[in-house]
Amino acid sequence: MKNEKSPYNIRIGVVPVGEVPEIAPKVVAAHFVGYLNLSTDIFPPLELPGYAFDKRRSQYDAGLIIKSFESMQFDNCDKVIGILDVDLFVPLFTHVFGEARLGGKCALISLFRMEKNPERAAKTALHEFGHLCDLQHCTDKNCLMHFSKGLEELDSIPLCFCRYCSAYLRDAFCRLSL
Ligand SMILES: [Zn+2]
Ligand SMILES: [Zn+2]
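What counts and how
- Residues numbered from 1 in each chain as written.
- Chains lettered and ligands numbered in written order.
- Predicted model: local features only at pLDDT ≥ 70, side-chain atom pairs only at ≥ 80, totals over all residues.
- Heavy atoms only, no water.
- 1 Å grid on protein atoms, 1.4 Å probe; cavity = no way out; pocket = protein on both sides within 12 Å on 5 of 7 lines; lining within 4 Å.
- Points joined across faces, edges and corners; volume = space filled by probe spheres on them.
- Helix = DSSP H or I, 4+ residues; strand = E, 2+ residues; numbered from the N terminus.
- Nonpolar A, V, L, I, M, F, W, Y, C, P; charged D, E, K, R; others polar.
- Donors = N, O, S within 2.8 Å, 3.2 Å for Na, K, Ca; no water.
- Tetrahedral: all angles 85-135°; square planar, octahedral: opposite > 155°, others 65-115°.
- Buried < 20%, exposed > 50% of the residue type's maximum accessible area, 1.4 Å probe, protein only.
- Patch = residues over 30% accessible without salt bridge, like charges linked within 9 Å, V, L, I, M, F, W, Y side chains within 5 Å.
- Areas by Shrake-Rupley, 256 points an atom, 1.4 Å probe, with all protein chains shown as cover.
- Salt bridge = Lys/Arg side-chain N within 4 Å of Asp/Glu carboxyl O.
- Pairing = 2+ DSSP bridges.
- Contact = heavy atoms within 4.5 Å.
- Axes fitted to C-alpha atoms, helices over the stretch in contact; angles between N-to-C directions.
- Expected span 1.5 Å × (residues − 1).
- Arc of directions from axis to C-beta.
- Polar contact = N/O pair within 3.5 Å; in protein donor to acceptor, adjacent residues only side chain to side chain.
- Core = buried A, V, L, I, M, F, W, Y, C linked by side-chain atoms within 4.5 Å.

A. Expanded view of the layout of surface pockets. The volume enclosed by the largest pocket comes to roughly 520 Å³. Taken together, 26 residues form the lining of the largest pocket, with V96, F97, G98, E128 and F147 sitting closest to its centre. Among the secondary structure elements, those contributing two or more residues to the lining of the largest pocket are β7 (98–100) and α3 (118–132). If one sorts the elements of the lining of the largest pocket by residue count, α3 sits on top with 5 residues. Residue composition of the lining of the largest pocket, by class: 11 nonpolar, 10 polar and 5 charged.

Right under this line is the structure:
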């Protein structure tokens, strides 16, 4: 989706990984276009990376997948959101809805623990994208950068960044657009 009106020259790649409901990448991409005014590309699905499967936990290691995706090009997209429908973990947590490295290029989100709800996926994608743009967790419970421990908390967060995080995001967009 090219966004002619966007003042920023930023492209977001949305990449399904493994079997993912077709609607999910579309809804996630639509939120980047509609809410953040950015252009998006939806990529053909990638295979689920077997190397990241932890047999003992029966979960996929989000950090390992991110590490390998960060070395890939994705057609020169500035930031990349991988969407999976398998259980993801990072060390110290039993599971995660999403994961991103602060200031990194690629984030992952998983539909697995969100009842395959694409709007929850979109919220999580915007949150992880915030991390990719150097935003940390926000204490404001009405901000997308607030950390949610469970679905109830995720659902109670409105679909917007607080004034502080919005301003920070705009700065990041200007830096990325250079
Ligand atoms: Zn977070
Ligand atoms: Zn905030």
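From this point, the discussion proceeds with the structure in view.
B. Here's a closer look at the coordination of the zinc ion (ligand 2). Those protein atoms acting as donors to the zinc ion (ligand 2) are C138 (SG), C143 (SG), C162 (SG) and C165 (SG), and they sit at 2.3 to 2.4 Å. One can describe the site at the zinc ion (ligand 2) as tetrahedral: its 4 donor atoms subtend angles covering 104 to 114 degrees at the metal. Mapping the donors of the zinc ion (ligand 2) onto the primary sequence yields the spacing C-x4-C-x18-C-x2-C. We note that C162, like C165, is buried.

C. Spatial organisation of a nonpolar patch on the surface. A surface patch of nonpolar side chains, amounting to about 360 Å² of accessible area, comprises L92, F93 and F147. Following the sequence through the fold, L92 ends up in the loop between β6 (88–89) and β7.

D. Representation of the sheet that holds β6 in the model. If you trace the 3 strands from one edge of the open sheet to the other, you get β3-β4-β6, paired in mixed fashion. If you trace the sheet from one side to the other, it starts and ends with β3 (53–54) and β6, each paired once. Sheet topology note: the strand β4 (residues 59–61)/β6 ladder contains 2 bridges and is parallel. Bridge pairing in β6 links Y60 to L88. Relative to β4, helix α2 (residues 62–70) is tilted by about 45 degrees, and along the sheet it contacts β4 and β6.

E. Structural view of helix α5 (residues 163–177). Between its terminal C-alpha atoms α5 stretches 21 Å, which fits the 21 Å expected from 15 residues at 1.5 Å a residue. Along α5, the positions that sit buried rather than exposed are C165, S166, L169, A172 and F173. Down the axis of α5, the buried set is contained in an arc of 120 degrees. They therefore lie on one face. Among the exposed residues of α5, those pointing more than 90 degrees away from its buried face are R163 and Y164. Elements in contact with the buried residues of α5: α1 (23–36) and α3.

F. Inspection of the side chain of H131 at higher detail. With respect to the element layout, H131 can be found in helix α3. Residue class for H131 comes out buried when judged on its relative accessible area of 8%. A distance of 3.1 Å separates polar atoms of two side chains, one belonging to H131 and the other to H137.

G. Just the nonpolar core, in detail. Membership of the largest hydrophobic core comes to 41 residues, with the highest contact counts inside it found for V28, F32, L36, I81, F129 and F173. Within the residue set of this core, elements represented by two or more residues are β1 (11–17), α1, β5 (79–84), β8 (106–110), α3, α4 (151–156) and α5. Excluding residues that lie within four positions of it along the chain, L36 makes contacts with H31, L126, F129, F161, L169 and F173. Counting residues in each nonpolar core, the second largest holds 19 residues, with V17, F43, A62 and V90 among its members.

H. Fine view of the pattern of salt bridges. Throughout the structure, instances matching the rule amount to 9 salt bridges. The salt bridge involving R11 is made with D75; its shortest N-O contact spans 3.5 Å. Of the two residues, R11 sits in strand β1 while D75 sits in the loop between α2 and β5, which places them 64 residues apart along the sequence. Given a relative accessible area of 27%, R11 falls into the partly exposed group. In this structure, R120 and D155 form a salt bridge, with 2.8 Å as the shortest nitrogen-oxygen distance. Of the two residues, R120 is situated in helix α3 and D155 in helix α4; the sequence distance between them amounts to 35 residues.

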